[in-house]
Amino acid sequence: MLEILLNIPGPWLAFAGTLFGGVGLKVLEHFLNRNKTKNDIATQLRNELREDIRELQKRVDELEAENEKWRARAFKAEEEVAVRNALIASHGCMLPDSPSEEAKE
């Protein structure tokens, strides 16, 4: 084996050593960076999920504000109905949802 290496001219031996050394270095680098690549992908996914959560929370806040607006409108409408019913009752008029005294007899 040593005789074969001694018969190879120096420049070719240097070229082969550089080639195998470079390939070996790239293989080693690949195995060492594999975890870093996985971590980078995981970090990217987490960041995307955080952004999605922020957007969804913003949408939930908007819907809650809209719900609160409609709830206030409903309470206001109920108050108006109660005031009108009280006004009608104070004038002695019959309310449509309450039976009259004559109907009870």
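Residues numbered from 1 in each chain as written. Predicted model: local features only at pLDDT ≥ 70, side-chain atom pairs only at ≥ 80, totals over all residues. Heavy atoms only, no water.

## Here's the deal with the pattern of salt bridges
Summed over all chains, the structure comprises 3 salt bridges. A salt bridge links R59 to E62; the shortest N-O distance between them is 3.5 Å. Here R59 pairs with E62, and both are found in helix α2 (residues 10–90), just 3 residues apart, close to one helical turn. (Salt bridge = Lys/Arg side-chain N within 4 Å of Asp/Glu carboxyl O. Helix = DSSP H or I, 4+ residues; strand = E, 2+ residues; numbered from the N terminus.)

## Description of the packing of aromatic side chains
Within the structure shown, the criterion is met by 0 aromatic pairs. Its end group placed over the ring of W70, R73 keeps NZ or CZ at 4.4 Å from the ring centre. (Phe/Tyr/Trp six-rings, centres within 6.5 Å; stacked < 30°, edge-to-face > 60°. Lys NZ or Arg CZ within 6 Å of the ring centre and 35° of its normal.)

## A word on α2
Over its 81 residues, α2 runs 117 Å from end to end, which matches the ideal 120 Å to within 8%, given 1.5 Å per residue. A maximum bend of about 40° is found in α2 at N33. One or two steps after α2, the chain reaches G92, where phi turns positive at roughly 80°. (Expected span 1.5 Å × (residues − 1). Bend = angle between axes of the 7 residues up to and from the residue.)

## Brief notes about the confidence of the model for the chain
When pLDDT is averaged along the chain, the result is 83, and 85% of the positions lie at 70 or above. The spread of mean pLDDT over the elements of the chain runs between helix α3 (residues 101–104), the lowest at 48, and α2, the highest at 89. Within the model, pLDDT remains below 50 along residues 101–105, and this stretch shows 1 contact once partners closer than five positions in the same chain are excluded. (pLDDT = per-residue confidence, 0-100. Contact = heavy atoms within 4.5 Å.)

## Describing a nonpolar patch on the surface
Taken together, I4, I8, W12, L13, F15, L19, V23, V27 and F31 make up a surface patch of nonpolar side chains, about 890 Å² in accessible area. Looking at which element gives the most residues to the nonpolar patch, the answer is α2, with 7 residues. According to the relative accessible area criterion, L19 is partly exposed, its value standing at 44%. (Patch = residues over 30% accessible without salt bridge, like charges linked within 9 Å, V, L, I, M, F, W, Y side chains within 5 Å. Areas by Shrake-Rupley, 256 points an atom, 1.4 Å probe, with all protein chains shown as cover. Buried < 20%, exposed > 50% of the residue type's maximum accessible area, 1.4 Å probe, protein only.)

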